[in-house]
Amino acid sequence: EAGVVQSPRYKIIEKKQPVAFWCNPISGHNTLYWYLQNLGQGPELLIRYENEEAVDDSQLPKDRFSAERLKGVDSTLKIQPAELGDSAVYLCASSLRAGANTEAFFGQGTRLTVV
Amino acid sequence: DAKTTQPNSMESNEEEPVHLPCNHSTISGTDYIHWYRQLPSQGPEYVIHGLTSNVNNRMASLAIAEDRKSSTLILHRATLRDAAVYYCILRDQRNRDDKIIFGKGTRLHILP
């Protein structure tokens, strides 16, 4: 079975340009997460979806970041405009359902470099 | 959220067992103990989780102290491929808004 698929794997853009990341979770997984990981740090949650509803977006910088999960399957995370400090790895994860007694499966991430 | 404390780094020899400690003195009775690991240039990977009893799976064992204030992830026979950052995470089953919160983890080095 395919795991969580993210694309692109790498992205280099100039500051002030827009960028989008795509995530295809494991089939049947209702919960989807987007995380940001800076070098040498643990991942930090940006947003969590239950089906198509964003149930926790408190850590998403809404002035420049947006996300959507149409039809409760694939998800897209967008940054517009990108800043130098947005350079990081963006990780997508999914789990079968919400709750503490479940495991999450992560994609390989998209490494963003803003120049 | 209840917090965990892990050593920044550890070393172990290849083909020997590894015991990775985690302290969680403020754990509540409804917190599950989860372990994830992250290999270089990869996303985090689920390893194991448990509530009160010790747990075993094909990857590792989780030993939970009787008072639940600490736990140990056991890799029975380390290989070079086990070199990674290991994260110990608490997740509260009462919390509908439960999220996976990563700390800095323990960087495990395996010596050949």
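Quantities reported herein were computed from a predicted structural model and do not represent experimental measurements. Residue positions are counted from 1 within each chain, in the order its sequence is given. Here the convention is simple: chains get letters from A, ligands get numbers from 1, in the order in which they are written. Totals for whole chains, interfaces and linings use every residue, but because this is a predicted model, local features are given only for residues with pLDDT of at least 70 and side-chain atom pairs only at 80 or more, for both listing and counting. Excluded from the side-chain calculations are hydrogens and water; all other atoms, namely the structure's heavy atoms, are used.

A.B. asks: Help me understand the state of the cysteines in this model?
C.D. replies: Every disulfide links exactly two cysteines, by a covalent bond between their sulfur atoms. Residues and elements named next belong to chain A. Disulfides are defined as cysteine sulfur pairs within 2.5 Å. A full pass over the atoms with the stated rule returns two disulfides over all chains. The partner cysteine of Cys23 in its disulfide is Cys92, sulfur to sulfur 1.9 Å. Around the S-S axis, the bridge from Cys23 to Cys92 shows a dihedral of about -70° and counts as left-handed. Of this pair, Cys23 sits in strand E3 (residues 19–24) while Cys92 sits in strand E9 (residues 88–95), and the two are 69 residues apart along the sequence. Partly exposed describes any residue whose relative accessible area lies between the buried limit of under 20% and the exposed limit of over 50%, with all areas from a 1.4 Å probe on protein chains only and scaled to the type maximum. On the basis of relative accessibility, which here comes to 0%, the residue Cys23 falls in the buried class. Helix and strand definitions here come from DSSP, where helices need a minimum of 4 consecutive H or I residues and strands a minimum of 2 consecutive E residues; each element is numbered from the N-terminal end.

A.B. asks: Even after reading the chapter, I still don't get the interface of chain B and chain A, so can you show me in this structure?
C.D. replies: Many analyses report the size of an interface as the accessible area lost when the parts associate. Contact definition: two residues touch when any of their heavy atoms are within 4.5 Å. Counting from both sides, the interface comprises 22 residues of chain B and, opposite them, 21 residues of chain A. The working definition used for a salt bridge is a side-chain nitrogen of Lys or Arg within 4 Å of a carboxyl oxygen of Asp or Glu. Our count for the chain B to chain A interface comes out at one salt bridge. Salt-bridge contacts for Asp56 of chain A lead to Lys99 of chain B; the nearest nitrogen and oxygen are separated by 2.7 Å. Here a polar contact means two N or O atoms within 3.5 Å. Within protein one must be a hydrogen donor candidate and the other an acceptor candidate, and residues neighboring in sequence count only if both atoms are side-chain atoms. Where chain B meets chain A, there are ten residue pairs in polar contact (both at pLDDT 80 or more). At the level of elements, strand E3 (31–38), strand E4 (45–50) and strand E8 (84–92) of chain B are the ones that each hand at least two residues to the side of chain B that touches chain A. Of the residues forming the side of chain B that touches chain A, the biggest block, four residues, is contributed by E3 of chain B.

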